[in-house]
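Residues per chain, in single letters:
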Amino acid sequence: MSKEENSQILVRKEKLSALIAAGVPGYPNDFRPKQSLDFLLSQFGQEKNGETLAGVQVCVAGRIVLYRHFGKLTFATLRDATADMQVAVQRDEVGVDLYNNVFRKLDVGDWIGVEGTLFRTKTDELTVRATRFQLLAKALRPLPEKWHGLEDIETRYRQRYLDLIVNPEVRTLFKTRSKIISLMRNSMEQHGFLEVETPMMHPIPGGAVARPFVTHHNALDRELYLRIAPELYLKRLIVGGFEKVFEINRNFRNEGLSTRHNPEFTMMEFYQAFTDYHELMTFIEQLLCHVVAAIHGGNLVVEHHGRRIDFTPPWPRLTLQEALIRFADAPPEHTRDRGGLEVLATRYGVEAKEEWADGELLLALFDAVVEGKLIQPTFIKDYPIAVSPLSRRSTLDPHAADRFELFIGGWEIANAFSELNDPQDQAERFHLQVKAKEAGDHEAMHFDEDYIRALEYGMPPTGGAGIGIDRLVMLLTDSAAIRDVILFPQMRSRDSG
RNA sequence: GGGCCGUUAGCUCAGUCGGUAGAGCAACAGACUUUUAAUCUGUGGGUCGUUGGUUCGACUCCAACACGGCUCACCA
């Protein structure tokens, strides 16, 4: 017996053939439900005084997920997009022939339509008493076991439809994801931002430090790159005169997979003229608080991995140095010069590469020692210029960028900065990136001449930010792996390896 | 990429010291008109991830490979 044709599938195919032979179509499309199950439960689920259900005619559709047979009576649990509800089918109500030869030939997993009236069982459960039923779509494969359901993690990811059928909490999670994105989109629109779509295929990959996926366009006979970030296109739109734009869409990075990394992931990036990174901190604080409160019923405290994360503003704003002093127990003087940083690197087992600028070493120390400790929402600001090739140079310190990142639950959630709008400075930064690329850094940026040309036409002073949607959803749904919040996560091929 | 763990019926899982495989659910046949994982009686269902090796004999021991999980490294 092959895996694809086990005996249960054969039995179901034979049942389908028998039904069709008896004039019952297996996949008709002429049934229209009139009520959702959730609607019926909310309207009639709670008993009211003097209520009579007998006259309430209903017409519903759903998938059979459970059966309880009693000879001449069957209870079935129906599941539609909104809820589960019980249906009672009686032989004497629908007719002996239909009951014995059609209804009893149905299986768990089949879609059916049911017309009937409402009643309450002895245990007070609201139930549809069927006067008529119809097969809507025959299922040829058996569903996973009714009690344990589908627990195999690999199958849940590879066959997400099955996961969604039998694990209602997975449906709830993805509804929450959708709601989070909707809240962010509405919020941005209310603040006057214009939603735009920029290319997913880039002739020059840019806007982030990452390895891109490469593809080939036949007609143009040229390489194209799946975008690693929309940043440079969105800022071209600021040059073009849109003063507030945002995009919620996918980025693609050709890097390893982990519980926090999927090759394609969703970011919201937004750019606003006449603002800076300090004002963006306040904006993001308000935006995320709005989302968290809406998702958690007004509550700003979220449970995550057994820890309480309190989103109540204002959130701490620390410089990289301050964070290292506080969370890495570093003496202040050690964060100020090369020698001190190298002492810290030795203490924490961080490799201090010779070619690194001081700022790069500082950041490496932060990543290794501090990042994972930033559980409560915390802004870390004033990043080194060396690792911020698109950020505005600080007016006070030419080695610092007007940039911050937001950390929550030990993860980087947002990255934002005052944008570099000096075309000559930007060109110099690109040159440095190209030099790094030539020295073997695969993640370094290309020189984007058209972007420089755009800046040469004048970009107003601007602030911009990117917020990682998948990680935000993980935080707000208490998920352990990014694959749990992506419907179809990337998996290795089973056949060709 | 490294380390550790896992892969047995459609699903969830047992399988002792190496002697050719078990349960529950699901399926099939039957009983049953108020169940909630209904219950009761009976029946069928397996290339034990793949390929090699050791052995008289391998689900079991060994090796390689595939896929997955956790974790470290890199990144967001």
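Use the structure listed above.
Report follows, based on the coordinates.

## Here's the deal with the protein's contact with RNA strand B
So, step 1. In the region of RNA strand B, 53 residues are neighbours, and Arg68, Asp92, Thr123, Glu154 and His261 sit closest.
So, step 2. Sugar and phosphate atoms constitute 57% of the interface atoms of RNA strand B, taking the interface as everything within 4 Å of the protein.
So, step 3. Here phenylalanine 70 contributes a backbone N or O atom positioned 3.3 Å from a phosphate oxygen of RNA strand B.
So, step 4. A distance of 3.3 Å separates a sugar or linking oxygen of RNA strand B from a polar atom in the backbone of glutamate 145.
So, step 5. Counting residues per element, the surface near RNA strand B draws most heavily on strand 1 (residues 57-70), which supplies five residues.
So, step 6. In terms of residue class, the surface near RNA strand B is built from 16 nonpolar, 15 polar and 22 charged.

## Quick word on the sheet that holds strand 8 (residues 214-217)
So, step 1. One open sheet holds the three strands; their spatial order is 7-9-8, and the pairing between them is antiparallel. Because the sheet does not close on itself, it has two edges, and the strands there are strand 7 (201-202) and strand 8.
So, step 2. Note: strand 7 against strand 9 (residues 222-226), two bridges, orientation antiparallel. Looking at strand 9, one finds that methionine 201 is bridged to leucine 226.

## Here we look at the pairing of strand 15 (residues 378-381)
So, step 1. Taking every second residue as pointing to the same face, both faces of strand 15 are buried, with Thr378 and Ile380 on one and Phe379 and Lys381 on the other.
So, step 2. Looking at chain direction, strand 14 (residues 317-319) and strand 15 are connected through three bridges and run parallel. Following the sheet pairing, arginine 317 is matched in strand 15 by phenylalanine 379.
So, step 3. Looking at chain direction, strand 15 and strand 16 (residues 403-408) are connected through four bridges and run antiparallel. Bridge assignment links threonine 378 to a residue of strand 16, and that residue is phenylalanine 407.

Criteria and cut-off values
Residues numbered from 1 in each chain as written. Chains lettered and ligands numbered in written order. Predicted model: local features only at pLDDT ≥ 70, side-chain atom pairs only at ≥ 80, totals over all residues. Heavy atoms only, no water. Near = heavy atom within 4 Å. Polar contact = N/O pair within 3.5 Å; in protein donor to acceptor, adjacent residues only side chain to side chain. Helix = DSSP H or I, 4+ residues; strand = E, 2+ residues; numbered from the N terminus. Nonpolar A, V, L, I, M, F, W, Y, C, P; charged D, E, K, R; others polar. Pairing = 2+ DSSP bridges. Buried < 20%, exposed > 50% of the residue type's maximum accessible area, 1.4 Å probe, protein only.

Without other data, these values stay purely geometric and don't point to any function.
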